[in-house]
Structures are given as C-alpha cells and as structure tokens.
Amino acid sequence: MNKLNTYKEGPNESGHFGIFGGRYVAETLMPIILEVDKAYTQAKLDEEFNIELEKYLKHYVGRPSPLYFAERLTKKLGGAKIYFKREDLNHTGAHKVNNCMGQILLARHMGKKRIIAETGAGMHGVATATVCALFDLSCTIYMGATDIKRQSANVMRMRMLGAEIIPVTSGTGTLKDAMNDALRDWVANVQNTYYLIGTVAGPHPYPSMVRDFQAIIGKETKRQILELEGRLPDSLVACIGGGSNAMGLFYPFLDDPVKITAVEASGKGVGTGKHAASITAGSPGVLHGNRTFLLQDDEGQIIDAHSISAGLDYPGIGPEHSWLHDVGRVEYVAVNDDEAVNAFHVCARLEGIIPALEPAHAVAHIIKVAGNLSEDHLMILNMCGRGDKDMDTVSDYLANINND
Amino acid sequence: MISKGTERIRNCFINLKRAEKTGLITFITAGDPTLEISTNIFSQLPQAGADIIEIGMPFSDPMADGPAIQASSLRALKSGTTCSKILKMVEKFREQDEITPVILMGYFNPIYTYGVEKFVADASSVGVDGFIIVDLPPEETEMRIPVEDAGLSLIYLTSPTTYNKRVPDVVRNASGFIYHVSVLGITGTTAPSNKNIEKDLNRIRSHTDLPIAVGFGIKTPEQAREISVYADAVVVGSAFVNKISECLDIDGKVIDDCVISVVDLVKDIKCGLNN
C-alpha cells in the first residue's frame, strides 16, 4: 500500500473518498442536497456560526468531555494504559448531540422549520428531539418497530421532548428501514424540511459534515492526552455502526503515528450470517446515497444486519471508513454479542461506568488486546454513550442464557 | 431495417407525434407475483395499448417508491427475480415484438453488483433500449459512457425541485426522453396538479427538444387524459401494481387472473388518453 502524505483531504468536490461516497439520490433531492452542501461550506468558514456552536457545545452539551484514566480496568488487563473519552457524559448521554447541535444551527440558517431524523438505538433521535425542543422546531423521528421495542426508554424520552415518533415496519424494522422512510419523507416535504442524518453516511456532504461536527471528540482528546501524558497516544479504539463516533475520534489523528482500530459488531458470529460487520464481511455497493461497504447478496440486494446493539445494527458503514480500510490506514475488527455483553459487565463492575452496548464492543476489543501490550502503551477508547437505554436488552439476554 | 436502442425510442415518439397522440408508458415490476405471470403480462401490454414498456428491477431498499411498489419489489424478490432473469424475459419479449421500446427502471446497486459494462452489454444484446436509474443523478456519471457507446438511452428524471439553472445540467446528457416526476413525493401517493405540470414542462422544454414523459401519481384514465394535454407520454405504475396485489391473497398466493386485470386497466387508460 502506498503511504499517502495526508489522510485528511477527502472528500473531493463531488463527495468521493476514492471510489466511495458520492451522491446517489433521486433528482427530487439533488437540489436540496446541493443547497445543504453550499450552506455547510459557508457555515464552516463563518466565524459567527462557529462561535455560536462553541457556545452551545460548552454551556449546553457540557464540553469538553473528560479524558479519564481507567485505572482498575488497566490493572485488571495488565498491559496498556487505558483512557476513556467520556462522551457518555454529554447532555443526552452520547456523542450524537455534537453533530445534532451543528446541524440544527445549519438548519436554522437555511430557514427550515421542520426536522426529520432516523434513529436506531434512539440516541440520535433523543439528541435530535432535544435540539429541536431547544430551538422550537418541529421534530419527526423515524424508528424501526423492532428498535422501538428494544429501546423503549429512549422512545419515551423523545416523546417527552415533543417529537413525533413514526414506527417503521418495512424490512426488519431497524435503522436501515428507518433511513429509507426518512428519505421518503424528505422527498415529499423537501421545501420546508431538513433531514438531520445521525451518522457519517448518506449523500455528500453528510459524511464529511457529520465527521467535522464530531471531530471535536478527537481534537479535545489530543489536547487532553498531551496535557496528561505529554505525548500522543499509541492507539485509538472505537466501535462502529455507521461510524460517527469513530470518525470523530480518529479524524484529528489520521496523520499521526497512532494505531487506529474500529470495532464492528459481528452479532451472533460472522459465519452465522447474523451480524453487522460490513467491512469484515461485506462488499462495496450503493445504498442511502453513497457507495460503501455493505452487507448484500450476490445480486446486490441488501441483507438485514443483526447486532444486540441497536446502534450498530446497520448493513453499511460511512464511506470514509470504507476508504480508510481500502488504503490500510485504519484496522477494522469485529466483536460478537456475547463478548460485548461480557465487556458491558466488566466495565460496569470495574469502573462504575455502565457503557452503552455500542462502546461495550470497543471495550471487548481492548479486553482482548490490552494485556499483550506493554505498560507504556497509551490506549484511548471512545466511551461514546451510556448504557441506561440497554437495561431491558441486557436483562433479556441474560434471561435467555439462563433458559438455555 | 428494424431500429433498436435510442433509435427505437425516437421512432416511437415520432410515430406518436404523427398520430397526434400522447404515449402510454406502463410500469410493472419484473417477477411480481411470479416471473411467469409477469412475462405473460408484458407480452400482452403492447396490444392493450402500451407504447413503451418499463420493467421494474426489484431492489430491497426502493427509497423513492411508495408502499405499492415497495410491496411489489418484495414479492418479486421473493419469487426469485434477478437481473439475469429479467434480461431473459426481455429476450423472450423481443421474439414477438421488435417495435415497442423496453426500458429497465430500478436502483443502481443491483447493476453495480452485476458489473455496469457487462450489464449494459447484456441488456443491449437482448433488446433493452434504455435505463431509468432512480438514484443515479447526472452528477454520478459511471453509466453514461457505456450506455451511450451501446447506442442505448440513459433517461434522466426532472422534478418540480429541479430549478431553472439546473435543468440544462440534467438534460445535457439525456437521451430517449425526459422523465418528469410530477409531484414532490414517492411513487403512487399524491395526485399531481396540472397547473404545476404545465409550468414545469414549459421550463424544461426551453432547454431540450427531447419528448417528456410525466409520471408519479397518475392512476386513472381521467388523470391520464388531463396530463396528456401537456405531456408527450404519461407513465402509469402503481395503479397496475395495485391491480396485481388485488389478485393475491394475504400470503401472496395468486387467487385471481392478474394478467386480465392489468390488461383491462391498460385498455381503460389508453381509452382515456385517446378520448
């Protein structure tokens, strides 16, 4: 693999990262997507916009989030020195709000009064409903019927915040289907509606825009680790569904000598076909406005994903991740449901932090590798959300195990 | 000599113009409810009044389609429909009909997975004349050259949101005809407003001499007739697809004659257009 001078230049003007990315949408949406692109390109350079965003991130979201030395986990694993970037401490309990705050300010600049969004685990839905309440905008959330059942606490939170939840029953009733229906809504209501996409996927400019809004995670982490340890970390680890928390942590480090690992969900195991490991076991294709690695059959029909974690239960991944995989900059590995639930418990008992099932996948990966690393290896994990939403899922999982 | 590809589409519109008629383009998903039944339907469409046949290529995630075509796509996938089987259907259709243009309509991923160049070549060799790829706007150019080289048409969509300055970019590389999406929305939902269509078609016509077909939301002979005042052709899809679903029981088993049911509606709509 040829080493590039920089991994941070993408995408090009047409929204491509190598062969990935792009704008594969119906003509009805092309004009609004070009409009979002133009508005974002202006906002990015607009000092007032950035000052306003910083203000809300600091005083409303609660940034910067701490970089915490996980001492007991480090001792237990007996190797690398492990830090958690505490995105679980943000207002609304996950990293999702970083992006929502950026996009809601953009939607206001564009004069859109109605916001739609898709959600899987519900964290993006809650964050969207939150910023809509804050700015008095109408909010409609598409959520798969399966996810509504397994993330009922978040459904309640969204309703409390004044959002309308539309259950999606097509397909398996998960994140992919919610995204289809959100796109259908947007086509019909494009004139007054802004689609607030929650991950680094969708048509250009969403993948790079969401990455930029999430990159605050990596920027803060870099500053904090330099303060705490006087040097860059040796490795970064984050879980990956669509890949926004991972992209946010990784992006500022892409050109640094840091090993980067993203952890996909292999569900019941890659061999069973019931998984969500798009890069580990998928192939390039076009879905939801971009070309990327997808779970699909030989005919190019999309296969339903499976993961115990609703937030990772998506048969694709952001296009920039596909590119980073292709050029060999980021390592993509997979962790299954059992390993993730085990890590969930380990983290709760050792650190008093109940992680969401999504970052529990990342914790599971470091449980596998940290012990083999030396004590001066600095490893940073993105603790991208808290596990309050997952109580029912984990107790159901345990009940099933006890019944078997 | 018998024409094919872009030429066959052009001749079709020339003949319509000569006869002072608005064309009827029928959309039906291949393999819904089975490949055998849809093969049968396709073979009878020209005689019933279809001037151009649009064959839907089913996709698991049809983002621009309403509930009727979503359900139809799922039935077609369940019945084992694949790109290769659709091409075989066209081959069979061409054994009996060398006049009626056949357009494949669908989403990009199944074609990308098949291999763009191979798909275009195979489609050309069985007698397909053009493609409408819903999620391939003019900005994503990868099908354009292979389709042009094969002498086939890549048919682009315009919509009420396609603002004036953008129209030339959309129509520049279009061939065959322009497919104007008459409503803001997905297929088969709201009915279009005639006033808006007239306005939109006028601004598109100021940038292209290609014929314009109008689709999305046209379900009845009356609607087809109203729109025929402005359009060179009308596209009807969800209404036929609904006819097929009415012939199925709750488990998707065929309980009525889908072929007759669709053919009768084609005749009705054709009557409406001719009145």
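Details of the structure are given in the entry above.
Predicted model, so just to flag it, every value in this text is computed and none were measured. (Residues numbered from 1 in each chain as written. Chains lettered and ligands numbered in written order. Predicted model: local features only at pLDDT ≥ 70, side-chain atom pairs only at ≥ 80, totals over all residues. Heavy atoms only, no water.)

Asker: Give me the environment of B:Glu36: which residues, what numbers.
Answerer: Residues and elements named next belong to chain B. Within the element layout of this structure, Glu36 appears in helix α2 (residues 35-48). By relative accessible area, Glu36 is classed as exposed at 63%. On a C-alpha basis, the gap between Glu36 and Ser79 in space is 10.0 Å, while along the polypeptide they are 43 residues apart. (Helix = DSSP H or I, 4+ residues; strand = E, 2+ residues; numbered from the N terminus. Buried < 20%, exposed > 50% of the residue type's maximum accessible area, 1.4 Å probe, protein only.)

Asker: Break down empty space enclosed by the protein for me, citing the residues and quoting the values.
Answerer: Scanning the entire structure with this criterion turns up five cavities of 30 Å³ or more. Each pocket or cavity is described by its volume, and for the largest cavity that value is around 330 Å³. Surrounding the largest cavity, 29 residues form its lining, A:His95, A:Lys96, A:Ser244, A:Gly311 and A:Glu358 being those nearest its centre. Looking at the lining of the largest cavity, the elements with two or more residues in it are β5 (114-119), α5 (123-135), α8 (175-188) and α11 (244-250) of chain A. Considered class by class, the residues forming the lining of the largest cavity number eleven nonpolar, 14 polar and four charged. Here the second largest cavity is characterised by a volume of approximately 260 Å³. Elements with a contribution of two residues or more to the lining of the second largest cavity: β1 (23-29), β2 (52-56), α3 (67-78), β3 (102-106), β9 (233-236) and α11 (238-246) of chain B. (1 Å grid on protein atoms, 1.4 Å probe; cavity = no way out; pocket = protein on both sides within 12 Å on 5 of 7 lines; lining within 4 Å. Points joined across faces, edges and corners; volume = space filled by probe spheres on them. Nonpolar A, V, L, I, M, F, W, Y, C, P; charged D, E, K, R; others polar.)

Asker: Lay out the pairing of strand β4 (residues 81-86) of chain A with the relevant residues and their values.
Answerer: All names here are of chain A. Most of β4 sits out of view: five of its six residues are buried. Examined bridge by bridge, strand β3 (residues 67-69) and β4 share three bridges and lie antiparallel to one another. Across the sheet, Leu67 pairs through a bridge with Lys85, a residue of β4. (Pairing = 2+ DSSP bridges.)

Asker: Before we move on, can you summarise the interface of chain A and chain B with the specific residues and values?
Answerer: Contact with chain A, which involves 35 residues of that partner, is made by 36 residues of chain B. Summed over both partners, the interface of chain A with chain B buries about 2,800 Å², with 53% contributed by carbon and sulfur atoms. Here chain A is connected to chain B by three salt bridges. For the pair chain A and chain B, the interface holds 20 residue pairs in polar contact (both at pLDDT 80 or more). Put simply, the parts of the chain that give the side of chain A that touches chain B at least two residues each are β2 (20-24), α1 (30-45), α8, β11 (283-287) and β12 (289-294) of chain A. For the side of chain A that touches chain B, the element with the most residues is α8(A), which contributes six residues. (Contact = heavy atoms within 4.5 Å. Buried area = accessible area lost by both parts, 1.4 Å probe. Salt bridge = Lys/Arg side-chain N within 4 Å of Asp/Glu carboxyl O. Polar contact = N/O pair within 3.5 Å; in protein donor to acceptor, adjacent residues only side chain to side chain.)

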